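Residue strings, one per chain:
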Amino acid sequence: VSPSVVYIQMERVQKTSPYHSFPSPFGDELFEHFFGDRFPDFMPKQDEQQEKRVVSQGTGFVFSIKDGLLSDKSYILTNSHVIKDAQNIRITFQDGRKYDAEITGIDPKSDIAVLEIDDISHPALKLGNSATLEVGEWVIAMGNPFGLSHTLTVGVVSAKGRTGLGISDYEDFIQTDAAINPGNSGGPLLNLDGEVIGINTAIFSRDGSNMGIGFAIPVDLVKNITMQLIESGEVIRGYLGIIIQEMTPELAESFGIDVNKGILISQVAENSPADNAGLKPGDVIISYQGNEASDIGDFRNRVSLTAPGSEVQLTVIHDGRRKTVTATIGDL
């Protein structure tokens, strides 16, 4: 795996105040919020702020190679937060070769980014199948924690389908106890066959260091997004036009239905695909395309990954009766 993993260094420009003699203990934004421009000598104007260059680091890996007559490119997968606002991106391979990388595409909603370099001499990692992962299965993390190049750690899959963490808009994380630290972001999470089954993205920590709870984006979610970024530079997502919430036993009782699972529609946008399909507030979605609908995060992911224009089948409980409706997915 190591020859495909890269150490990423980024250069960013941050705006800083030129006034250091009397800093506000609350920060410039809070100071200005309460006091406005009553103290103009202490508050720097936007054009008076100084620029400070900051270097940060992360990890990435070659996952696709395009061998063409006019251009040979290697595509490198990483997190969007790793390269956010970066002006210069420099990558280093294990053999010491360095390249200036260009951004192919960024999708902040899923925290995925693709870089490219004009070289195909480095091997690409094979993307595996995260759907077949089982809790307790051994996994390997490879990255550059604290700048320590090509560090390998090992652990197990602690849980699957973690959502509602507030890390990104579309979540379906693999949780692992393989040690992940600052600098690991964007690196591969692998099975014992050396196949990528996730991208190491975040940790739960009280002090910024590893506490045995790390999160990786599953590769099945990554595949669809990366191909769109390579082909068009952007991600097109499906849209139903509903606001939803999870069904609870209390809500099920209040609606007079027997199921405790499902997703409750609380609002339907006017003239949306859901509205045109006849879905109403108070309907409970119990399946989408034949798959059980019980987790909001998983349901949102499945809708977003459905191509606009596709017809989908939803089984809902409406006025206490089960029925199937057909909706044509829109473009978010």
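Treat the numbers as computed from the prediction; the structure is a model and nothing was measured.

### Looking at the side chain of Q175
Along the polypeptide, Q175 turns up in strand β10 (residues 173–176). Among the polar contacts made by the side chain of Q175, one reaches the side chain of R162 at a distance of 2.7 Å. Excluding its chain neighbours within four sequence positions, the residues that come into contact with Q175 are V156, V157, S158, A159, R162, I213, G214 and F215.

### Overview of the sheet that holds strand β12 (residues 196–203)
Read once around its circumference, the closed barrel built from 6 strands follows the order β8-β9-β10-β13-β12-β11, with strand pairing classed as antiparallel. When the angles between neighbouring strand axes are averaged without regard to direction, this sheet yields 45°. The pairing of β10 with strand β13 (residues 214–218) spans 3 bridges and is antiparallel. Its bridge partner lying in β13, I174 is registered against A216. On the sheet, helix α3 (residues 219–232) packs against β12 and β13 and is oriented at approximately 50° with respect to β13.

### With respect to the packing of aromatic side chains
Counted under the stated rule, the structure contains 3 aromatic pairs. With a centroid separation of 6.0 Å and 55° between ring planes, the pair formed by F173 and F215 is classed as tilted. Here F173 is found in strand β10, whereas its partner F215 is found in strand β13, with 42 residues between them in sequence. As far as burial versus exposure is concerned, F173 and F215 are alike and both buried. Where Y288 meets F299, the ring centres are 5.6 Å apart and the plane angle is 80°; that geometry is what we call edge-to-face.

### Some words on α3
The first and last C-alpha atoms of α3 sit 20 Å apart over 14 residues, in line with the 20 Å expected at 1.5 Å per residue. Count one or two residues on from α3 and you reach G233, which has phi positive near 80°.

### Section: the side chain of S2
Inspection of the secondary structure puts S2 in the segment before β1 (5–16). With residues up to four places along the chain from it excluded, the contact list for S2 reads Q94, M142 and H150.

### Focus: the environment of P281
Within the secondary structure, P281 sits in the loop between α5 (273–276) and β17 (284–288). As for P281 and S266, which are separated by 15 residues in sequence, their C-alpha atoms are 4.9 Å apart. Setting aside chain neighbours within four positions, we find P281 in contact with I265, S266, Q267 and V268.

### Section: the confidence of the model for the protein chain
Looking at the protein chain as a whole, the pLDDT averages 84, with 87% of positions reaching at least 70. Low pLDDT, under 50, characterises residues 35–39; the predicted model gives this stretch 3 contacts beyond four residues in sequence or across chains.

### Describing the nonpolar core
In terms of nonpolar packing, the biggest core is built from 22 residues, with F61, L77, I112 and I217 touching the most fellow members. Mapped onto this core, the elements with two or more residues apiece are β2 (50–67), β3 (72–78), β7 (112–117), β8 (138–143), β12, β13 and α3. Take this core: its biggest share by element is 5 residues, from α3. Those residues in contact with I112 that sit more than four places away from it in its chain are L77, T78, S80, I106, D107, I217, V222, I225, T226 and L229. In terms of nonpolar packing, the next biggest core, distinct from the first, is built from 19 residues, L240, Y288, A293 and A327 among them.

### Quick look at the environment of G238
When you line up the elements, G238 lands in strand β14 (residues 238–239). Linking G238 and D331, residues 93 residues apart in sequence, is a C-alpha distance of 5.2 Å. Among residues more than four places away in sequence, those in contact with G238 are V303, S304, T306, I329, G330 and L332.

### With respect to the pattern of salt bridges
What the rule picks out here adds up to 8 salt bridges. The closest approach of N and O atoms between D118 and K73, which form a salt bridge, is 2.9 Å. You can see D118 sitting in the loop between β7 and β8 and its partner K73 sitting in strand β3, a full 45 residues away along the chain. One salt bridge connects D100 with R90, and the closest N-O pair in it is separated by 3.0 Å. Placement of D100 in strand β5 (residues 98–100) and of R90 in strand β4 (residues 88–93) is noted, with a sequence separation of 10 residues between them. Exposure remark for D100: the relative accessible area of 55% places this residue in the exposed category. Within the structure, one salt-bridge network assembled from shared partners comprises K73, E116 and D118.

How each quantity is defined
Residues numbered from 1 in each chain as written. Predicted model: local features only at pLDDT ≥ 70, side-chain atom pairs only at ≥ 80, totals over all residues. Heavy atoms only, no water. Helix = DSSP H or I, 4+ residues; strand = E, 2+ residues; numbered from the N terminus. Polar contact = N/O pair within 3.5 Å; in protein donor to acceptor, adjacent residues only side chain to side chain. Contact = heavy atoms within 4.5 Å. Pairing = 2+ DSSP bridges. Axes fitted to C-alpha atoms, helices over the stretch in contact; angles between N-to-C directions. Phe/Tyr/Trp six-rings, centres within 6.5 Å; stacked < 30°, edge-to-face > 60°. Buried < 20%, exposed > 50% of the residue type's maximum accessible area, 1.4 Å probe, protein only. Expected span 1.5 Å × (residues − 1). pLDDT = per-residue confidence, 0-100. Core = buried A, V, L, I, M, F, W, Y, C linked by side-chain atoms within 4.5 Å. Salt bridge = Lys/Arg side-chain N within 4 Å of Asp/Glu carboxyl O.

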